[in-house]
Every structure is written in C-alpha cells, then in structure tokens.
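Okay, here's what each chain looks like letter by letter:
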Amino acid sequence: MEPSFTFSCSLVGHEGDVRAISAGTHPSESSILTASRDRTSRLWVKSSEGASYFEGLSMRGHENFVSSLCVLPPSDKYPTGLIMTGSNDYNINAYTLDSVLPVYTLKGHVNTVCCLAAGKFGTLLSGSWDTTAKVWLNENNVMTLKGHEATVWAVAIIPANGIMLTGSADKTIKAWRAGKCQQTLKGHTDCVRAIAILSETQFLSSSNDTTIRRWTISGECMFEYKGHTGFVYSIALLPNGEDFVSSGEDRTVRVWRDGQCHQTITLPAQSVWCVTCLPNGDIAAGSSDNMARVFTRDHSRKASADEVELFNQQVASSAIPVQSSDLGGIRPEDLPGKDDLINPGKKDGQTKLVKVGDNVEAYSWSQSECKWTKIGDVVGSNDGKQTAGQKVMYEGKEYDYVFSVDIEEGRPELKLPYNVADDPWHVAQQFIHQHELSQAYLEQVANFIISNTAGVTLGSAAPTYSDPFTGGGRYVPGGGAGVQQPTAGGDPFTGGSRHIPASSVPMETQPAPHRNIYFPKTSYITFDTANLQQIIGKLTELNESIANEYKLEQSDISQLKLMVEKLNDANSSPTLDQVKILQKALKWPQDQVFPVLDILRLCIRNQFVNKCFCNKQDGTSFISYIQQVTSINCKTANKMLVFRTLCNAFQCDTGSNLLKNSREEITTLLMDCKSIKNKNLQIALSSVLLNYAVQQHSEQNAEAKFELLSAVATVLEVEQEDEANFRLVVALGTLTHNDDDSKSLAKSLEIAQTINRLQSKTTVQKLIDSAKGLSEILQ
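Residues numbered from 1 in each chain as written. Predicted model: local features only at pLDDT ≥ 70, side-chain atom pairs only at ≥ 80, totals over all residues. Heavy atoms only, no water.

1. Points about the overall build of the protein chain
Reasoning step 1: On a plain count of helices and strands, the protein chain comes out with 18 helices and 36 strands.
Reasoning step 2: The buried share among the 779 residues of the protein chain stands at 54%.
Reasoning step 3: Of the roughly 34,800 Å² of accessible surface on the protein chain, 48% is carried by carbon and sulfur atoms. (Helix = DSSP H or I, 4+ residues; strand = E, 2+ residues; numbered from the N terminus. Buried < 20%, exposed > 50% of the residue type's maximum accessible area, 1.4 Å probe, protein only. Areas by Shrake-Rupley, 256 points an atom, 1.4 Å probe, with all protein chains shown as cover.)

In structure tokens form, the structure reads like this:
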C-alpha cells in the first residue's frame, strides 16, 4: 500500500490568509509560490538540506488582497517565465524571478480577479467577480468571455484542443472555443470554485455544494465525489494524472484515489483556501492562519518527530464551532465517552464526537493508520448561541465570545473575538483594520458586540377606486397603488406630503442652489394601498371555478379578509391558521392566483407572515414559488404583483435577508421581464432594483453592487415609463453615492451616456433633476 502523506514543513512569513498556491518551475522544480491577503506574493525555495523552504522573493505592487496566481512558461522575452498574480484591485501583475515589483500590469477587469490559468504560447485566462473571463496574449486583452450571470470563480485551459473552461457562482461550467460558448454544464447546486484538467476530454470541478464532480467535455457528469462537509475551494492533480487532492472550508485537505477519499488531513485553521501538487509528489496547502504547509509521502522529507507532534497538537487544540455543518445539533449528554474510540471508523475522514468530562472532543478516523486522531474541541452550544461563562480558544488565545460576521458574499464568515473586559468600540475598530473594511462599519460592529453581550400600517384607501386606464371601478391586480406626481414638498416616490421642520424654511426669497434630494435613498419602497373589497370580490368569484382540493370555504375567505383588515391593529396579529389558508390559496392555477398574490403583497409586510414565508427553512421554497408564478407564460399581473410583494418583503429583516441571499435568482427574474410594455409592471420591477440598491448602499460588497449596476443599466437601455426610469436613476445614485469603486464600475458600463440620453427625452422634472444629479456624481 502506498504510504500516507505526513507533515513536512510550514512556510511562515505571510501576514494574511494564503489564498492561492502553485508549484514553481524556477529556480528549481521544488519551489512553491503563494499569494496572500497581505497584498504580497512569495517564492519559496527548497533548502539544500532537510525538508524546509526559505523565502526567496517577496513580490509587491498590488493595492489590495492578492487572490490568485499562476505561472506562464518561459518565452524568448522572459526566459525564466512569469509569475502572474490577480488581485482585489482588479489588476493582474507580472513578475520575473528577480523583480520585486511587476514588470507589467494587465488592466481590463472591473472587479476582483479571483482565478488565473496559463495556456500555450503565453496565453493567460483570467476570471473575475465582474462575471467575465478574459483571454490575454502578449500583454493585450484579445478576448472577453461573457455569458455567466455571476462571479467566475474558476478557469482552466485544455492545451491539446484550446478549449477554455469557466466555473461560476451561477452554478454552471461553460466550455468555450474561439470566444464562443460551446456547452453549458449543469449539475452543481452551488458556486463552482475550482476546475482541474484530467485529459483532453475529462476534467474535475469542485463546489460550495461540498462535492467534486468528474465531467466529460461533452457535458456528462461521470462521477460525484463526496466527503467534504463544507465548501470545496481547490483541487489539484497528483503526478500520476488520475488521483487528486482537494481542500475546503471543513479545515481539511483530502487525498482521493480510485473514486474514494483515501486520506483526510486536518489543518489547525478555519479555511484551507488552496492546495497544489509538487513535481516531487508532495502537496502544499495555503490556509486562513497565514501559513502554507507541505505534506509528503517521502520519508526523507518528513518533519522530525517533535515537529510532527507539535503539528498534531495544534490540530487537536483547535476550537471547532458546534454550528459546523457536520457537528450541528449535538447533545453532550447523549455522546459516548472516550472509550468508544476503540471502535473503528467506517470511512476515512469520518468525524466522531466524544464526551470527556465537561468537554466535547472531535476525532477524525484515519483509514491508512487505522486510528482516531483528535482534531479539536467543540465549542458553543447547539442552539447557535455561546454558553455564558464559557471560554473559547481562538488563534491561541481565550475569549469570552467569538462571533461569526458575514461581510462578503462568497467568502466564509469572519471571526470577531471579544472579551467582556474590552472596549467594544476599540475591538470593532481593530476588526475593521484587520480585515480592511470600510469605516462605515464601525458603529454597526460595535453595536453588534454590545447587543450580543449584554409595525407597518396599511395605507389608507381612497373613498372610491378608479381604474387608472379605464376609469372604471373593476378590480385591477394591485390596484390603488398608482404613482402620483409629487407636489411641492412632496415625497418624490408617492407624491405624499413630507414633514419639513420650520427651521428649514429659507429666510430669504433668493433661489436656493441646486442640490440632490433624491439619493442616497435609505428607506425601502413599498406598495401599501389597496381596495380590499375589490380584492375579496375577485377572490370569491374565482373561487367558484377552483378544484375542490384548493377551493376555499366562505369562512376561509372571511379569515383572509380579516387578516388584511387587522394588519394595522397593534393589538392583533395574523394567526398561523390564517397563514395556512393563504398558503393553500397560493396553490391556485397560475391564471387565477392573482388576487391571492395581492393579499400576499399586503400581508408580507407583517413580521409574523414575513417569517412564515421567508425563514431559512421555507425561504428556498418561497423563492421557487416566485420563479414558478413569474415564468414566461404567466400573466403579466402575476409578475407585477410578485415584484410588489418582493418590495414589501424588504420591510422585515427575515425577508430582507432572504432577498439578499437570493439576489441572483431575483435579478434573473427581473431581467426576463424588462421588455414587457406594462406601466405598473415596469414601476414594480424598477422598485425591486431600487430596494436592492438601498440594501447594498452601506454594504462593502463590490460584486453585489456591480451586478445591480449592470442590471439597472440593462433595464435602462429598454424604453421604460418615466416613473420607472426615475426609480432606476435613484437606484444608480444610491449605489454610487460616496463609493468610488461603484462610480468606476458605472463609468465602465457607460451609464453616463444612457443618463444623458434619458435627460434629453423626458419632460418629468424629478427625472430631469435626478438624472442631472447622477451625471454630476459620474463626472
């Protein structure tokens, strides 16, 4: 049996997560390249004696995190090849072995360059958060591959046939030839994070869905490898060209042979970002504890017994949150004692929890060594909250609390350690500096520490209802929510009066200088007004033709009416039985469900109803339902009411979080409807985009902002109603306000030209003024 990998050495020197790693080719085939969040990339050279490496070169020049790297082979101009690095500064730098600073820089992406791959003849393929991949040759961008709907996390080139592969957060893999997409492969259920080429016709992919898949270039998934319990960030082939290694968010590097996980290596770090195979058969992995580590099967390169024991102790002393995906829901009183470890495991990497005194310890089964190895102490409680008085070990220190903070989409939660004796504002400031976050987060983070350590009214309906198109009193889905033109001192979105403090009245009659009153918008748009009598009347009429399975009793209809009427009653709340009636009615046929959607639109502003539909357990089903009732063949009324429902769902935290996490799916729905010529639908669609802009205004999520900027710009290219255009302009102004990165992204999308055309075509004053304000921002 082939020996297992054993710890060889650590590469110590980086001051931030090691996000990318690669085998070097010069000055020896035993060199290693690493890239880090500390803005540097480093070349590590094998020592002439022993198993260690020393730092041979530290490359600087990026203005932000270095997130990807690869090696371009030697050429006439660069006989030792080039080290290429991609960064959150949107650039790709090129270095030689004797250059601390880049010999040239490639510019073209408009967001983070998160993956790189080298091909023949100096070809370079890059993938970015801007949803594109770019092909570079001789320092020029010769091709841009567009088609993915989200971040391109993985790229690879099949040298023999020139096929380029891209993997994306849209869950697909695309095969490209000569700049054209030849095939779209679907199968992963979450972001595709890495691709490795096996042959001319086969390759591997890994995903946030915890799996690795083996594909043919024609699109057939031949095999699915399961073993990881978290995101799988990286894969690399072993020298035999068939076996491979992988790394991920479950703190492990896994060795795969003959379709099975042959060995699991646990590291003392939160995330193992990257792994590579060296020509000598060793493997190297980079992780979130600022280190890279080398593992070997060669006895001569194995670390000393003391060094191996120290590594094992570091792993064993790691703190594992109880909320880890493979540890959740534990009850210490139900766990066996340590004597249960005499029973062998069933597969390599299997995790077993045992109770030792008052503590819970985690062990991993090693198939090759036929023994359980301790991989950490489980901390926290099974309800997701930390037990009072319990100390948590984090990066070698004890803390009263270690919070998980979700800052950046696609990136694991950041850890925020805190002791009750600390100043929360000081800790928040340190956290911001450490992770290079916007200073705007200071108050939010500090208040989060403090709070964790220590009703919407129904709009008044008009006395009589008039159809804005016919003047009649018939029920129109979503009726009563028409948009008025604002009067002096009015809200530009509703036309309603707003409070103006007396102190703000000008003392002089001279004209005030032009000022922007439209953005940033900081509150969500809602659609509140309704004629309940008309809605219930239509509901009752349609109910007569509904199949018995979903037909409502008259008492059910009365309960739905009562639920809406009581929404503005502070002493009353919808009941679970009423919500169940609403859920039953939502199963009506798509051509008859529109009055039910109108009731949902009104009720989802209520916290209880919002939680019933948008909670973590049911939210996915709710989004699927939304997609179903807005499909291509559905009524325009359905789509308009769904978009109004989404706008109202933003009002509650549960709904807002669901929509934030489902942004890509919702944006796709909006784009599918952008060309429908219906005034009310256009206004509802633009309002959803505006609410997303409000949500992202204070966020530092460049990827989300770019996706929204791109979506808004795309909708603006289609002729829209003036009110819809106004809301789209305010969305752009909100996204770009005091955000230089978003301004740059907007300029790259040529939004200024679109706004100028818009100004010249409209006579609506608020649209002219808001467009002028946006133009000033984009200058």
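2. Brief notes about unusual backbone geometry
Reasoning step 1: In this structure, Pro520 follows Phe519 across a cis peptide bond, with omega equal to 10°.
Reasoning step 2: Here Pro520 lies in the loop between helix H3 (442–453) and helix H4 (532–543).
Reasoning step 3: With a phi angle near 80°, Arg39 is a residue other than glycine that sits in the positive phi range.
Reasoning step 4: By secondary structure assignment, the location of Arg39 is in the loop between strand E3 (32–36) and strand E4 (41–46).

3. Let's talk about the side chain of Thr276
Reasoning step 1: In this fold, Thr276 is placed in strand E26 (residues 272–277).
Reasoning step 2: The class of Thr276 is buried, set by a relative accessible area of 10%.
Reasoning step 3: Residues within four places of Thr276 in sequence aside, it is in contact with Ile21, Ser22, Ala23, Ala236, Asp282, Ile283 and Ala284. (Contact = heavy atoms within 4.5 Å.)

4. Some details on the nonpolar core
Reasoning step 1: Within the largest apolar cluster, 92 residues are counted, with the highest numbers of intra-cluster contacts made by Leu582, Trp588, Ile599, Phe613, Phe643, Ile666 and Leu689.
Reasoning step 2: Here this core gets 10 residues from one element, more than from any other, and that element is helix H13 (residues 679–696).
Reasoning step 3: Excluding its chain neighbours within four sequence positions, the residues that come into contact with Leu582 are Leu560, Met563, Val596, Ile599, Leu600 and Phe613.
Reasoning step 4: One finds Val253, Val272, Ile283 and Ala285 within the second-largest nonpolar core, a separate group that totals 23 residues. (Core = buried A, V, L, I, M, F, W, Y, C linked by side-chain atoms within 4.5 Å.)

5. Comments concerning the pattern of salt bridges
Reasoning step 1: Scanning all chains against the criterion turns up 22 salt bridges.
Reasoning step 2: Here Lys352 ties to Asp340 by a salt bridge, and the two come within 2.9 Å at their closest N and O atoms. Of this pair, Lys352 sits in strand E30 (residues 351–356) while Asp340 sits in the loop between strand E29 (319–321) and E30, and the two are 12 residues apart along the sequence.
Reasoning step 3: Ionic pairing is found between Lys766 and Glu723, a salt bridge with its closest N-O pair at 2.7 Å. Taken together, the residues Lys766 in helix H18 (residues 765–777) and Glu723 in helix H15 (residues 722–736) connect sequence positions 43 residues apart.
Reasoning step 4: One network of salt bridges, in which partners are shared, links Asp38, Arg42 and Glu55. (Salt bridge = Lys/Arg side-chain N within 4 Å of Asp/Glu carboxyl O.)

6. Some words on the layout of surface pockets
Reasoning step 1: Size it by volume and the second largest pocket reaches roughly 1,500 Å³.
Reasoning step 2: Ile21, Leu69, Leu116, Ile195 and Ile235 are, among the 50 residues lining the second largest pocket, the residues nearest its centre.
Reasoning step 3: At the level of secondary structure, the elements contributing two or more residues to the lining of the second largest pocket comprise strand E2 (18–23), strand E6 (66–72), strand E10 (113–118), strand E14 (152–158), strand E18 (192–197), strand E22 (232–237) and E26.
Reasoning step 4: Among the elements that line the lining of the second largest pocket, the one with the most residues is E6, at six residues. (1 Å grid on protein atoms, 1.4 Å probe; cavity = no way out; pocket = protein on both sides within 12 Å on 5 of 7 lines; lining within 4 Å. Points joined across faces, edges and corners; volume = space filled by probe spheres on them.)

7. Looking at the sheet that holds strand E9 (residues 104–106)
Two orientations exist for strands paired in a sheet by backbone hydrogen bonds: parallel and antiparallel.
Reasoning step 1: If you trace the four strands from one edge of the open sheet to the other, you get E6-E7-E8-E9, paired in antiparallel fashion. Of all strands in the sheet, those bounded by a partner on one side alone are E6 and E9. Direction aside, neighbouring strands of the sheet carry axes that sit 25° apart on average. (Pairing = 2+ DSSP bridges. Axes fitted to C-alpha atoms, helices over the stretch in contact; angles between N-to-C directions.)

8. Re the sheet that holds strand E12 (residues 133–137)
Reasoning step 1: Read from one edge to the other, the open sheet built from four strands follows the order E10-E11-E12-E13, with strand pairing classed as antiparallel. In this open sheet, the two edge strands, each paired with only one partner strand, are E10 and strand E13 (140–145). The mean inter-strand angle of the sheet, taken between neighbouring strand axes irrespective of direction, is 25°.
Reasoning step 2: In the sheet, E12 pairs with E13 via five bridges, with the strands oriented antiparallel. Residue pairing for E13: Leu137 is matched across the bridge by Asn140.

9. A few points about the state of the cysteines
Reasoning step 1: One pass over the full model with this rule turns up zero disulfides.
Reasoning step 2: A disulfide-free cysteine, Cys614 has its sulfur positioned 8.1 Å from the sulfur of Cys652, the nearest such atom.
Reasoning step 3: With a relative accessible area of 4%, Cys614 lands in the buried category.
Reasoning step 4: Free of any disulfide, Cys634 has its nearest neighbouring cysteine sulfur in Cys673, separated by 9.5 Å. (Disulfide = S-S within 2.5 Å.)

10. A short note on helix H11 (residues 653–661)
Reasoning step 1: What H11 keeps buried is the set Thr654, Gly655, Ser656, Leu658 and Leu659.
Reasoning step 2: Where H11 is buried, its residues contact helix H8 (607–614), helix H9 (619–628), helix H10 (636–649), helix H12 (663–672) and H13.

11. Quick word on the packing of aromatic side chains
Aromatic ring pairs: the centre-centre distance and the angle between the two ring planes describe each pair.
Reasoning step 1: A complete count under the given rule lists 16 aromatic pairs for this structure.
Reasoning step 2: Ring centres of Phe7 and Phe295 lie 6.0 Å apart, and the angle between their planes is 70°; on these two criteria the pair is classed as edge-to-face. Taken together, the positions of Phe7 in strand E1 (residues 6–12) and Phe295 in strand E28 (residues 291–296) put the pair 288 residues apart, joining distant regions of the chain. This pair shows no difference in class: Phe7 is buried, exactly as Phe295 is.
Reasoning step 3: When the ring of Tyr524 is compared with that of Phe650, the centres are 5.1 Å apart and the planes differ by 35°; the resulting orientation is tilted. On the criterion of sequence distance, the pair formed by Tyr524 in the loop between H3 and H4 and Phe650 in the loop between H10 and H11 is long-range, its members being 126 residues apart.
Reasoning step 4: Grouping aromatic residues by their ring pairs yields a cluster made of Phe223, Tyr225, Phe244 and Trp256. (Phe/Tyr/Trp six-rings, centres within 6.5 Å; stacked < 30°, edge-to-face > 60°.)

12. A few points about the packing of H12 against H13
Reasoning step 1: One can describe the packing of H12 onto H13 by two numbers: an axis separation of 10 Å at closest approach and a directional angle of 155°. By the angle between their axes, H12 is roughly antiparallel relative to H13. The two elements H12 and H13 cross, and the hand of that crossing is left-handed. Facing H12, whose interface residues are Arg663, Ile666 and Leu670, H13 presents Leu685, Val688, Leu689, Tyr692 and Gln696.
Reasoning step 2: Each residue belonging to the contact of H12 with H13 can be placed in one class, and the counts come to six nonpolar, one polar and one charged. (Parallel < 35°, antiparallel > 145°, perpendicular 65-115°, else oblique. Left-handed = near helix turned anticlockwise from the far one by under 90°. Nonpolar A, V, L, I, M, F, W, Y, C, P; charged D, E, K, R; others polar.)

13. With respect to the confidence of the model for the protein chain
Reasoning step 1: This prediction gives the protein chain a mean pLDDT of 83; 82% of its residues lie at or above 70.
Reasoning step 2: Scored below 50 in pLDDT, residues 481–489 shows 21 contacts in the model against residues more than four places distant or in partner chains.
Reasoning step 3: In this model, residues 496–514 is a region of pLDDT below 50 whose contacts with residues beyond four sequence positions or in other chains number 11 contacts. (pLDDT = per-residue confidence, 0-100.)

14. Structural notes on the pairing of E28
Reasoning step 1: Of all six residues making up E28, five are buried, and the element is well covered by its neighbours.
Reasoning step 2: Alignment of E1 against E28, held across six bridges, turns out to be antiparallel. Looking at E28, one finds that Ser10 is bridged to Arg293.
Reasoning step 3: Examined bridge by bridge, strand E27 (residues 283–287) and E28 share four bridges and lie antiparallel to one another. In the sheet register, Ile283 faces E28, and the bridge partner there is Phe295.
Reasoning step 4: As consecutive antiparallel partners, E27 and E28 are separated by three residues, and within that stretch Asn290 has a phi angle of approximately 75°, a positive value.

15. Details of the environment of Leu125
Reasoning step 1: Structurally, the position occupied by Leu125 is in strand E11 (residues 124–128).
Reasoning step 2: Once the C-alpha coordinates of Leu125 and Leu137 are considered, the two residues, 12 residues apart in sequence, prove to be 9.1 Å apart.
Reasoning step 3: Excluding its chain neighbours within four sequence positions, the residues that come into contact with Leu125 are Cys115, Leu116, Ala117, Ala133, Lys134, Val135, Leu145, Val155, Ala156, Ile157, Met164 and Leu165.

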